[in-house]
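Examining the three-dimensional arrangement
Spelled out from the first residue to the last, the chains are:
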Amino acid sequence: MARCGNRLVLIAAALLLGVSSAAAEDAKVNTIADISRYLQTCWKPPPPAKARPIDITVIVSFNRAGNILGHPRISYESAEASDEDRLQYRIAVMETLQRCTPLPFTDAMAGAAAGRPFVIPIRRRKTSPPTQERRA
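So, a few notes on the structure that sits alongside this text. Just so it is clear, the structure is predicted and the values come from calculations on it, not from any experiment.

Along the chain, the regular secondary structure elements total four helices and three strands. Along the chain, from the amino end to the carboxyl end, the secondary structure elements read α-α-β-β-α-α-β. Among the 136 residues that make up the chain, the fraction classed as buried is 29%. Partitioning the intrachain contacts of the chain with sequence separation of at least 6 by distance along the chain shows that 76% fall at a separation of at least 24. Accessible area of the chain: about 9,700 Å², with a carbon and sulfur share of 58%.

Moving on to helix α3 (residues 83-100). Helix length check: α3 (18 residues) gives 26 Å between terminal C-alpha atoms against 26 Å at 1.5 Å per residue, within 8%. Taken together, the buried positions of α3 are D85, R86, Q88, Y89, A92, V93, T96, L97 and C100.

Of the two faces of strand β3 (residues 117-122), only the one carrying F118, I120 and I122 is buried; P117, V119 and P121 on the other face are not. Sheet topology places strand β1 (residues 56-62) next to β3; six bridges connect them, and they run antiparallel. Paired with I56 across the two strands is I122, which belongs to β3.

All right, on to the side chain of E77 then. Inspection of the secondary structure assignment puts E77 in strand β2 (residues 68-77). Only 3.3 Å separates the side chain of E77 from the side chain of R86, close enough to count as a polar contact. With near-sequence residues (within four places) excluded, E77 lies in contact with D55, I56, R86 and R90.

What counts and how
Residues numbered from 1 in each chain as written. Predicted model: local features only at pLDDT ≥ 70, side-chain atom pairs only at ≥ 80, totals over all residues. Heavy atoms only, no water. Helix = DSSP H or I, 4+ residues; strand = E, 2+ residues; numbered from the N terminus. Buried < 20%, exposed > 50% of the residue type's maximum accessible area, 1.4 Å probe, protein only. Contact = heavy atoms within 4.5 Å. Areas by Shrake-Rupley, 256 points an atom, 1.4 Å probe, with all protein chains shown as cover. Expected span 1.5 Å × (residues − 1). Pairing = 2+ DSSP bridges. Polar contact = N/O pair within 3.5 Å; in protein donor to acceptor, adjacent residues only side chain to side chain.

Next up, the structure:
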């Protein structure tokens, strides 16, 4: 009976390793659009108690290894944002870049991305205005 249990553990481990390596392969950054998608997986906005939601855009470059090259620069922030909102979102953007780098570039993307500035917009979730029914 113990042998059967050991086999099940080995089979489960093999399946998990197969899934993990497949997931890791899927996580490779191979296109420009993949860069934004990959960074969105690391995005954690400031809690609502610290800052109101704002739109913010960062310009950042990477080297071939996927590490940040130079200094990221904030190029846009919502006009209605307070100084505290801006500070909290700038911190959140920089923490996101730290969490997500180095980016797992494919070989082809590493060559294409190296030294190139990328404009990464981070948009707040917009809520639709309430709809009003019209009567004919």
